[in-house]
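# Report on the structure
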Amino acid sequence: MSRKHTEPPEASCQQLTIADSNIGQVSICPECSVLHLALSHVSLRFTPDAFRSLADIVTAAQSRLDHVAQTSAAAAAALAIDTARQGPKLH
Ligand SMILES: [Zn+2]
């Protein structure tokens, strides 16, 4: 970091929106490269490296969720197939 703002971000940083969606937006300050992640009631500031780390951890978590969803869907499908093969239960 070659430059750091000492004032509150609202007072010192420009915010150029680089992505937005229904849950919030990401903007960057062209002067100090701080990234601002704004959600409905919170706003977080990141250095570019920290923002990349955030993106990585969120992606990793989502990937794990997707994997779990796939695995449990596959398990449910396998169970349904087994049940169908065994026919109706007698009790
Ligand atoms: Zn700034």
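Heads up: these notes are all about the structure in this document. (Residues numbered from 1 in each chain as written. Predicted model: local features only at pLDDT ≥ 70, side-chain atom pairs only at ≥ 80, totals over all residues. Heavy atoms only, no water.)

### Here's the deal with the overall build of the protein chain
Helix and strand content of the protein chain: 2 helices and 4 strands. Counting helices and strands in the order they occur from the N terminus, the protein chain gives α-β-β-β-β-α. Across the 91 residues that make up the protein chain, the buried fraction comes to 14%. Residue pairs at least 24 apart in sequence account for 16% of intrachain contacts in the protein chain once pairs closer than 6 positions are excluded. Summed over its atoms, the accessible surface of the protein chain is roughly 7300 Å², and 59% of this surface lies on carbon and sulfur atoms. (Helix = DSSP H or I, 4+ residues; strand = E, 2+ residues; numbered from the N terminus. Buried < 20%, exposed > 50% of the residue type's maximum accessible area, 1.4 Å probe, protein only. Contact = heavy atoms within 4.5 Å. Areas by Shrake-Rupley, 256 points an atom, 1.4 Å probe, with all protein chains shown as cover.)

### Quick look at the sheet that holds strand E4 (residues 43-46)
If you walk across this open sheet you meet the 4 strands as E1-E2-E3-E4, and the pairing is antiparallel. The open sheet has two free edges, formed respectively by strand E1 (16-21) and E4, since each of these has just one partner strand. Each adjacent strand pair in this sheet contributes to an overall mean axis angle of 20°, direction not counted. In this sheet, strand E3 (residues 35-39) lies alongside strand E2 (residues 24-28) in antiparallel orientation, the contact comprising 5 bridges. Paired with Gly24 across the two strands is Leu39, which belongs to E3. (Pairing = 2+ DSSP bridges. Axes fitted to C-alpha atoms, helices over the stretch in contact; angles between N-to-C directions.)

### Thoughts on the pairing of E4
The pairing of E3 with E4 spans 4 bridges and is classified as antiparallel. Looking at E4, one finds that Leu35 is bridged to Phe46. If you look at the hairpin formed by E3 and E4, you'll find 3 residues sitting between the two strands.

### Brief notes about the packing of aromatic side chains
Applying the stated criterion across every chain, the model contains 1 aromatic pair. Judged by centre distance (5.8 Å) and plane angle (70°), the ring pair of Phe46 and Phe51 falls under edge-to-face. (Phe/Tyr/Trp six-rings, centres within 6.5 Å; stacked < 30°, edge-to-face > 60°.)

### What to know about the environment of Pro48
The residue Pro48 is located in helix H2 (residues 48-86) in this model. Spatially, the C-alpha atoms of Pro48 and Leu35 are 6.6 Å apart, while their sequence positions differ by 13 residues.

### Regarding unusual backbone geometry
A positive phi angle, close to 65°, is found at Ser33, a residue other than glycine. By the secondary structure assignment, Ser33 is in the loop between E2 and E3.

### Comments concerning the pairing of E2
Sheet topology places E1 next to E2; 5 bridges connect them, and they run antiparallel. Its bridge partner being in E2, Ala19 is matched across the sheet by Val26. Connecting E2 to the antiparallel partner E3 that follows it, the hairpin turn spans 6 residues, and Ser33 within it adopts a positive phi of roughly 65°.

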